[in-house]
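Observations on chain architecture
These are the residues of each chain, in order.
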Amino acid sequence: MTVIDSPPRRPAVADPSPSGPSGLHRVRRWLGANGLRIYAAIAFAYIFLPIAYVTVFSFNVPGRTNLTWRGFTTTNWAHPCDAPDVCSAVGNSLKIGLVATLLATVLGTLIAFALARHRFRGRGTTNLLLFLPMATPEVVLAASLLTLFLNFKVNLGFATIIAAHVMFCISFVVVTVKARIAGLDPRLEQAAMDLYANEIETFRRITLPLVAPGIAGAALLSFSLSFDDFIITNFVSGNVNTFPKFIYVSAGRGIPAQAYVIGSAAFFLSLLIVLVAEVVRRRRPSP
Amino acid sequence: MAIASASHAPGTAPVVPPRSGLRSRTLTPYLLMLPGLLWLGVFFVVPLLTLLATSTQTPAPSGETGAFQQTLRFANYWDSLQAYEAQFIRSFGYAAIATVLALLISYPLAYAIAFKVGALRNLLLVLVVAPFFCSFLLRTLAWRQILADEGFVVRTLKSLHLMGDTTTLTASAVAVVAGITYNFLPFMTLPLYASLERIDPRLIEAGGDLYAGAFTTFRKVTFPLSMPGVVAGTLLTFIPAAGDYVNAELLGNPNTRMIGNVVQSRFFTIVDYPTAAVLSFLLMAAILILVTFYVRRAGTEELV
């Protein structure tokens, strides 16, 4: 309504520029057309600045700290385990990440199917229970888990870390997989039933393959959440060292260049996985 | 069994063809959810209840560190609120500034990706989340180096006389807010993109057809339609930002401590679990109240 109220002060279509094709005018025109793209380029530069820093400094000549540039070398990349404790911490993070991802993906996928395919009482409560861990600040989750473990005299270690990681990953798995199930065409399953497939066969041969990309995405998300988690892990890990914990502890006395190698390698590897998945997805358009 | 038959009585019963597996089918969703919800119960609900119980405890008379007894001292809440009022205000202040900054940075970016880049869309979306693939702590520490006195940002600002010769960004509130803004940026950009991308371009064209200028069209058509994304994005940024302590610790100084820092030090350095529990609860309560109000006002109910 108010759109019509405001008189058309400026004719939006191809204004007959009174100033003629002056240089300034052309610059303004060009900015009007490309301004957003330039802005996006600057924003991406900002997004990638710290990552570029990490990558560049992974090629720094190793020393006690990795704050000043000493010269280019590839030895860090050839021997990423040379710095003490880096690789054992990474190994722990990988182990925890794999177990937590497996558990969270299975548990979360089951819930996603229940929510997407069934009507039942207690739906609202279930949704709330899944939403709350995502809405709770990490430090609160961490403090509450540690209080629990202390109260019940649970020894802190791998088991407590995995318990915590699975807990905060489940909700993300449910959201991701549920979205994928909701996007399925129900006719495909009906067709399978029409062709005399029973429910189990339909699920195994039609539903599961169609939902698989969503499950894979959820697993990748869980793994990266688990691998990079610091706040909760720091509270519930006891003596177990993980990669983020290693960085945090070494931040005071100097982070070895090898840690930067792990950081940037993880970055490029994840980027590669996502890009390959995207290419595969395009080649084989999902129905 | 009772639940199963009862839940079926009112609505859907006549539509479902009478099959032999009916009873087991109504139980199916519960069985599917059981393991996952049990996990959340044991490692999310029970810990929160334990934390709640701890929050009203007082030190045990024995005076041993780490020993507390339940005395239902609710005054703990008031005491902690008074003692850490500054940190609370700071947490929410920093989180609010960072959220606004993230919105200002992300909105044009999400808009450009949704409308201006064509086939590059998916690639650019991957690049938006790319920082998540690089360690959170390494990124934050990288900012510490980038903003350091000898770094190029500070040197450029100083040579342009945009910054005083004696001022510094190292260990400052500016650095903390910058770190928070950067670290939670994808949480803002993704929901914004998702809601912008869903807008039918014909609606925007219609704005132009009705003689609205580009700005008016944006104000009256595009922005209101993207509100769900704005709401989701601000919440997803604000919540982790208010609870964060890593940025304040790595990029700040003792005067930039946030509530998360206090919780952490109460747990590990001072071994004062009741206070840590109280502060966690106050933080969570404040966030939940803010979220509820905000969602009510912005009128978006579908967040999950």
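Residues numbered from 1 in each chain as written. Chains lettered and ligands numbered in written order. Predicted model: local features only at pLDDT ≥ 70, side-chain atom pairs only at ≥ 80, totals over all residues.

1. Observations concerning the overall build of chain B
How we decide: To qualify as a helix, a DSSP run of H or I must reach at least 4 residues; to qualify as a strand, a run of E must reach at least 2; elements of each kind are numbered from the N terminus. With C-beta atoms placed from the backbone, a residue counts as buried when 20 or more other C-beta atoms lie within 10 Å of its own, as exposed when 12 or fewer do, and as partly exposed for counts between those limits. Two residues form a contact once the distance between their C-beta atoms, set from the backbone, is within 7 Å.
Scanning chain B from terminus to terminus reveals 15 helices and 2 strands. Across the 304 residues that make up chain B, the buried fraction comes to 40%. Within chain B, residue pairs in contact and separated by at least 24 positions form 67% of the contacts whose partners lie at least 6 positions apart.

2. A few points about the environment of B:Leu157
Residue and element names in this part refer to chain B. Inspection of the secondary structure puts Leu 157 in helix α7 (residues 152-159). For the pair Leu 157 and Thr 28, spaced 129 residues apart in the sequence, the C-alpha separation amounts to 63 Å. Setting aside residues up to four positions removed in sequence, Leu 157 forms contacts with Leu 162 and Met 163.

3. Regarding the interface of chain B and chain A
Quick note on the threshold: As a working rule, the residues Ala, Val, Leu, Ile, Met, Phe, Trp, Tyr, Cys and Pro are called nonpolar, Asp, Glu, Lys and Arg charged, and the rest polar, with Gly in that last group.
The interface of chain B with chain A comprises 75 residues on the first partner and 73 residues on the second. Here the element with the most residues in the side of chain B that touches chain A is helix α2 (residues 22-54) of chain B; it accounts for 18 residues. For the side of chain B that touches chain A, the class distribution of residues is 55 nonpolar, 17 polar and 3 charged.

4. What to know about the confidence of the model for chain A
Put simply, the rule reads: Residue-level confidence of the predictor is what pLDDT reports, using numbers from 0 through 100.
Looking at chain A as a whole, the pLDDT averages 86, with 91% of positions reaching at least 70. When the elements of chain A are averaged for pLDDT, helix α1 (residues 2-5) of chain A gives the smallest value, 42, and helix α4 (residues 86-117) of chain A the largest, 95.

5. Let's talk about the packing of helix α11 (residues 243-253) of chain A against helix α6 (residues 136-146) of chain B
Worth spelling out the cut-off: Every axis corresponds to a line fitted to the C-alpha atoms, with the helix fit spanning only the stretch in contact, and the corresponding angles, defined between N-to-C directions, vary from 0 to 180 degrees. Note that the term roughly parallel is reserved for angles under 35 degrees, roughly antiparallel for angles over 145, roughly perpendicular for angles of 65 to 115, and oblique for everything else.
With their axes 8 Å apart at the nearest point, α11(A) and α6(B) run at an angle of 30° to one another. Relative to α6(B), the element α11(A) lies roughly parallel. Contacts from A:Pro244, A:Ile247, A:Tyr248 and A:Ala251 of α11(A) reach α6(B) at B:Phe136, B:Leu137, B:Leu138 and B:Leu141. In terms of residue class, the contact of α11(A) with α6(B) is built from 8 nonpolar, no polar and no charged.

6. As for unusual backbone geometry
Residue and element names in this part refer to chain B. Located in the positive-phi region is Leu 72, a residue other than glycine, with phi close to 50°. You can see Leu 72 is positioned in the loop between β2 (68-70) and α3 (75-83). We note that Val 271 has phi near 50°; this positive angle belongs to a residue other than glycine. Along the chain, Val 271 falls in the loop between α14 (259-268) and α15 (273-298).

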